[in-house]
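Observations on the three-dimensional arrangement
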Amino acid sequence: DTGVSQDPRHKITKRGQNVTFRCDPISEHNRLYWYRQTLGQGPEFLTYFQNEAQLEKSRLLSDRFSAERPKGSFSTLEIQRTEQGDSAMYLCASSLVREAGELFFGEGSRLTVL
Amino acid sequence: EDKVVQSPLSLVVHEGDTVTLNCSYEVTNFRSLLWYKQEKKAPTFLFMLTSSGIEKKSGRLSSILDKKELFSILNITATQTGDSAIYLCAVKMAEKLVFGKGTKLTVNP
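Before going into details, it helps to say that this report is about the structure given with it. Every residue gets a number counted from 1 within its own chain, in the order that chain's sequence is written. Key to labels: chains lettered from A, ligands numbered from 1, both in the order written. In view of the model being predicted, local features appear only for residues whose pLDDT reaches at least 70, and side-chain atom pairs are presented and counted only at 80 or more, with totals across whole chains, interfaces and linings using the full set of residues. Side-chain numbers come from the whole structure's heavy atoms, not from hydrogens or water.

This part is about the interface of chain B and chain A. Facing the 19 residues of chain B at the interface are 21 residues of chain A. Throughout, the accessible surface (probe 1.4 Å) given up by two parts as they are put together, summed over both, is called the buried area. Carbon and sulfur atoms make up 55% of the area that chain B and chain A hide from each other, which totals about 1,700 Å². Should a side-chain nitrogen of Lys or Arg be within 4 Å of a carboxyl oxygen of Asp or Glu, the pair is scored as a salt bridge. For the interface between chain B and chain A, the tally reads one salt bridge. Put simply, Glu 56 of chain A and Lys 96 of chain B hold a salt bridge, and the shortest N to O gap is 3.0 Å. When checking whether two residues touch, look at their non-hydrogen atoms; a contact exists if any pair is within 4.5 Å.

This is how it looks when you write it as structure tokens:
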């Protein structure tokens, strides 16, 4: 499978715990994006990387959220001290650096905070 | 503030009907407009539109962009139950996509 893969697909955690999601983009794609989607809403931009550099972070991304892409390949998104409001689908997408290039999405990691 | 507005938010039709989904936008640094289909998992890419007035077609689906009036439509003809999904409109601004809330289409047999 040469698409975007995310792990885990589902995560249930208790409030206050830390969680980490992993995303493996399409291999030749140098841009990687994280989005969050809640029920009835479209995906909301969180952050993106070009190679290993994190170039933009949304105001939605509180200081409990951190994302890394250490070698410009896979990326991790960590949420510390989870809150119930963090429950959502976390989507990863990748693309080539191209002015109007489409993003290719993974199947998402669904987080439920109890 | 950049925004993408889709209408209607929900639509129920019968198989064989034709539907038109709407997307209007107000953004800075417009690069392109994209349509995605989302079933119970990841959004899958349908179309990317960069130029006004040029229709893109794929089977029963077609889409067109009006950059003067800042909107796009997605048409689906002869709908099938497999077309039931959420259709997302997104605008590419500089480096990121900004999405609308989506239109939930239900096609009944």
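As a rule of thumb, nonpolar side chains are buried together in soluble globular proteins. If you look at the biggest cluster of nonpolar residues, it comprises 24 residues, and the most contacted ones within it are Tyr 25, Leu 33, Trp 35 and Val 91 of chain B. The way it works is that DSSP assigns letters per residue, a run of H or I at least four long becomes a helix, a run of E at least two long becomes a strand, and they are numbered from the N terminus. Listing elements by their share of this core, those giving two or more residues are β3 (19-26), β4 (30-38), β5 (43-49), β7 (61-66), β8 (71-76), β9 (85-93) and β11 (103-108) of chain B. Ranked by residues supplied to this core, first place goes to β9 of chain B with five residues. Once residues lying within four places of it in the same chain are set aside, the contact partners of Val 91 of chain B are Val 4, Tyr 25, Val 27, Phe 30, Ser 32, Leu 33, Lys 96, Leu 97 and Val 98 of chain B. Think of a nonpolar core as a cluster: buried Ala, Val, Leu, Ile, Met, Phe, Trp, Tyr and Cys residues, connected wherever their side-chain atoms sit within 4.5 Å. In this scheme, a residue with accessible area under 20% of its type's maximum is buried, one over 50% is exposed, and one in between is partly exposed, where area comes from a 1.4 Å probe on protein chains only. Counting residues in hydrophobic clusters, the runner-up holds 19 residues, among them Cys 23, Phe 49, Ala 88 and Cys 92 of chain A.

Moving on, we get to the state of the cysteines. Here, the term disulfide refers to a pair of cysteine sulfur atoms separated by no more than 2.5 Å. This structure, assessed with the given rule, holds two disulfides over all chains. Through a disulfide, Cys 23 of chain A is tied to Cys 92 of chain A; the S-S separation comes to 1.9 Å. Judged by the sign of its S-S torsion, about -70°, the cystine formed by Cys 23 of chain A and Cys 92 of chain A is left-handed. Of this pair, Cys 23 of chain A sits in strand β3 (residues 19-24) while Cys 92 of chain A sits in strand β9 (residues 88-95), placing them 69 residues apart in sequence. Accessibility classification places Cys 23 of chain A together with Cys 92 of chain A in one group, the buried group. A sulfur-sulfur distance of 1.9 Å marks the disulfide that ties Cys 23 of chain B to Cys 89 of chain B.

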